[in-house]
Amino acid sequence: MTNPMDNPNGSYVVLRNKDGQYSLWPSFLDIPDGWNVIFGEDNRDNCMNYIEANWKDLLPSSLILVNE
């Protein structure tokens, strides 16, 4: 079996969790708990472009210190 994340002809969605982390996800798989679809269903390139344009900080939001 091949990795469904590597299928250039597949259909994908973009997921985001509460920490602001993003994930490319094959559209035929169930969405894992704690993640929400925020883009797609679309092709792999468009989903990756969405992630690259919107995921600016790889640090999970729960680890970002806020000055009070």
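Refer to the preceding data block for the structure.
Small disclaimer: the values here were computed from a predicted structure and weren't measured.

(A) Geometry of the overall build of the chain. Check the secondary structure of the chain and you find 1 helix and 3 strands. Reading the chain from its N terminus to its C terminus gives the helix and strand order β-β-β-α. A buried classification covers 22% of the 68 residues belonging to the chain. A separation of at least 24 residues holds for 42% of the contacts in the chain among residues at least 6 apart in sequence. Per element, the accessible surface of the chain, about 5,100 Å² overall, is 50% carbon and sulfur.

(B) Fine view of the side chain of Ser23. Mapping Ser23 onto the fold places it in strand E2 (residues 22–26). Here Ser23 falls in the buried class, since its relative accessible area comes to 18%. Apart from residues no more than four positions distant in its own chain, Ser23 is found in contact with Val13, Val14, Leu15, Trp35 and Ile51.

(C) Structural context of the packing of aromatic side chains. Tallied over the full model, the rule gives 2 aromatic pairs. The interplanar angle of 15° and the centroid separation of 4.5 Å between the aromatic rings of Phe39 and Tyr50 together place this pair among those described as stacked. Of this pair, Phe39 sits in strand E3 (residues 35–43) while Tyr50 sits in helix H1 (residues 44–54), and the two are 11 residues apart along the sequence.

(D) Just the sheet that holds E2, in detail. Pairing in this open sheet of 3 strands is antiparallel, and the strands run E2-E1-E3 from one edge to the other. Looking at which strands have only one partner, the edges of the open sheet turn out to be E2 and E3. Between one strand axis and the next, the sheet turns through 30° on average, direction left out of account. Relative to E3, strand E1 (residues 11–17) runs antiparallel, the two being bridged by 7 bridges. Within the sheet, the bridge partner assigned to Val14 lies in E3 and is Phe39. Where H1 meets the sheet, it contacts E1, E2 and E3, and its direction lies at approximately 135° from that of E3.

Cut-offs applied
- Residues numbered from 1 in each chain as written.
- Predicted model: local features only at pLDDT ≥ 70, side-chain atom pairs only at ≥ 80, totals over all residues.
- Heavy atoms only, no water.
- Helix = DSSP H or I, 4+ residues; strand = E, 2+ residues; numbered from the N terminus.
- Buried < 20%, exposed > 50% of the residue type's maximum accessible area, 1.4 Å probe, protein only.
- Contact = heavy atoms within 4.5 Å.
- Areas by Shrake-Rupley, 256 points an atom, 1.4 Å probe, with all protein chains shown as cover.
- Phe/Tyr/Trp six-rings, centres within 6.5 Å; stacked < 30°, edge-to-face > 60°.
- Pairing = 2+ DSSP bridges.
- Axes fitted to C-alpha atoms, helices over the stretch in contact; angles between N-to-C directions.

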